[in-house]
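Structure assessment
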Amino acid sequence: MTAGATRQPAAPSSMRLVLTLAIAGLVSGVAIIGIYETTLPTITANKARELREAVFKVLPGVSRMQALVYRDGRIMVVPEPDKDEPVVYGGYDEQGDFVGYAMPGAGPGFQDTIALLYGYLPREKQVVGMEILESRETPGLGDKIYKDADFVAEFSALSIEPEIVSVKKGTGTQPNQVDSITGATISSKAVVRIINETHTAWAEQLPAPGTEPPLSGEPADNGTGQ
Amino acid sequence: MKKNESYEEFVKGIWRDNPVFVQVLGMCPMLAVTNSAINAIAMGMASMFVLVGSSFLVSVFRHVIPKQVRISCFIIIIATFVTIADYTLLALVPAVHKELGAFIPLIVANCLILGRQEAFASRYPTRLAVMDALGMAGGFLLALFSLGAVREILGDGALFGFKLFSENFEPWIVMILPPGGFLTLGVILLFFNWFKYKKDEFLADVAEAERGGS
């Protein structure tokens, strides 16, 4: 490739080059802001709906929820939790009576962070449901932590005292034991560890059973939307 | 005549110059997101949107953009379309967006798309550029889908999530893992090259016969 063959007869001024790029950047920026503003409400609504569905799934019998945070030494109801603030979701039944907490937890899995949500009944000290929100576990092996119905069912009536223990498949006899998935031991253990860690982190902060904050009257129960 | 010309630009991308099987471009998304047919199609559609949109704009503005800054301009145009595709997918089909993850923003780095701008759209009239983009993106979609379908059928015993076989079928898990992508792609490339070889051989035979006959 010779320099002479590709050179332009008269090079455009630098001004023109700068202007071209500036205009292109400006138009592109406006287009991106436009699409961001247009899609943002749908994206936020989707996320809120996903969270609500997950909460209702891990807490059977729950039909209303509100976000709870730990501030100034006690659990309180907030309509909008701050970003990065640890939060749990209180689940309430039709009559507005407290049922249990939906607790989000996250931790390292086999490949990447596993984020999950589990339903916890403080009176019975039981885990009653578990849903994986985010994971990049190996397809076909590690992803059984949410695709294998038997494994997910292990978390439907699981005693959390003193802590959950993962055991080899088929050997679980105690109410606090979880059968690991063959071929996905690390992923299964990670799920158990995340629940245990989340439980320990919140154990001191959650109020005594029976003194949970009541459902706040306003319908601002975090993204019910409509 | 004109009609044939645009038709020709469209068809070449699907088969003769197929971006994946013949030009071996766009390998990253090809191997990464083809573990199921639906992911492959979503990726193909997103790439098609970006490629057709960018080719159209690049071709319209081909006399306005100075040669010295053309690559930067192409990238700005491509990146804008990729961002639009990213947010649209996130809003409309969050489940698919979650599966494709980082590979949507990475469309911007797909050499197939920048390659078409530089090699075609910036030199030809808009109509031809759009036809070329449609053909190339169609070929890319076809390639992604064939890989995705083969891998999902063998690796999961399903197509688009519908189980195809009885319970006795033991899925080849390796097919939906990264090595399965390489294996399938290798076999398909082998087929393409064999086909091309056979075709050349046949054409040579025909030429030979014609020379002998006359």
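What counts, and where the lines are drawn
- Residues numbered from 1 in each chain as written.
- Chains lettered and ligands numbered in written order.
- Predicted model: local features only at pLDDT ≥ 70, side-chain atom pairs only at ≥ 80, totals over all residues.
- Heavy atoms only, no water.
- Helix = DSSP H or I, 4+ residues; strand = E, 2+ residues; numbered from the N terminus.
- Buried < 20%, exposed > 50% of the residue type's maximum accessible area, 1.4 Å probe, protein only.
- Contact = heavy atoms within 4.5 Å.
- Areas by Shrake-Rupley, 256 points an atom, 1.4 Å probe, with all protein chains shown as cover.
- Lys, Arg positive; Asp, Glu negative; His and termini not counted.
- Charge placed at Lys NZ, Arg CZ, Asp CG, Glu CD.
- Pairing = 2+ DSSP bridges.
- Axes fitted to C-alpha atoms, helices over the stretch in contact; angles between N-to-C directions.

A word on the overall build of chain B
If you tally the helices and strands in chain B, you get 9 helices and 2 strands. Referenced to the eigenvectors of the C-alpha coordinate spread, the extents of chain B come out at roughly 60 × 60 × 25 Å. Across the 214 residues of chain B, 45% fall into the buried class. The contacts in chain B between residues at least 6 apart in sequence include a share of 74% that link residues at least 24 apart. Summed over all atoms, the accessible surface of chain B reaches about 11,000 Å², with 71% contributed by carbon and sulfur. Of the charged side chains in chain B, 17 are positive and 17 negative; the average position of the first set lies 10 Å away from that of the second.

Quick look at the sheet that holds strand β6 (residues 126–134) of chain A
Residue and element names in this part refer to chain A. Ordered in space as β2-β1-β3-β4-β5-β6-β7, the 7 strands form an open sheet in which the pairing is antiparallel. Each of the sheet's edge strands pairs with one partner strand only, and the pair in question is β2 (74–77) and β7 (158–159). Relative to β7, β6 is paired through 2 bridges, and the arrangement is antiparallel. Looking across to β7, one finds that Val127 is bridged to Leu158. Of the strands in this sheet, β1 (64–71), β3 (87–92), β4 (98–108), β5 (113–121) and β6 are in contact with helix α2 (residues 14–58), which crosses β6 at around 150°.

A few points about the pairing of β5 of chain A
Residue and element names in this part refer to chain A. Most of β5 is tucked away, with 8 of its 9 residues classed as buried. Sheet topology note: the β4/β5 ladder contains 8 bridges and is antiparallel. Paired with Met103 across the strands is Tyr118, a residue of β5. From the end of β4 to the start of β5, which pair antiparallel, there are 4 residues. In this sheet, β6 lies alongside β5 in antiparallel orientation, the contact comprising 7 bridges. Among the inter-strand pairings, Ala115 is bridged to a residue of β6, identified as Glu134. Following β5, the chain reverses through 4 residues before pairing antiparallel with β6; Lys125 in that reversal takes a positive phi of roughly 50°.

Points about the pairing of β3 of chain A
Residues and elements named next belong to chain A. Extensive coverage of β3 is indicated by the burial of 6 of its 6 residues. Alternating residues of β3 divide into Val87, Tyr89 and Gly91 and Val88, Gly90 and Tyr92, and every residue in both groups is buried. Strand direction decides the pairing type here: β1 and β3, joined by 6 bridges, are antiparallel. Among the inter-strand pairings, Arg64 is bridged to a residue of β3, identified as Tyr92. Across 4 bridges, the pairing between β3 and β4 is antiparallel. By the bridge assignment for β4, Tyr92 is matched with Phe98. The antiparallel pairing of β3 with β4 creates a hairpin that spans 5 residues between the two strands, and Gly96 there sits at a positive phi of about 85°.

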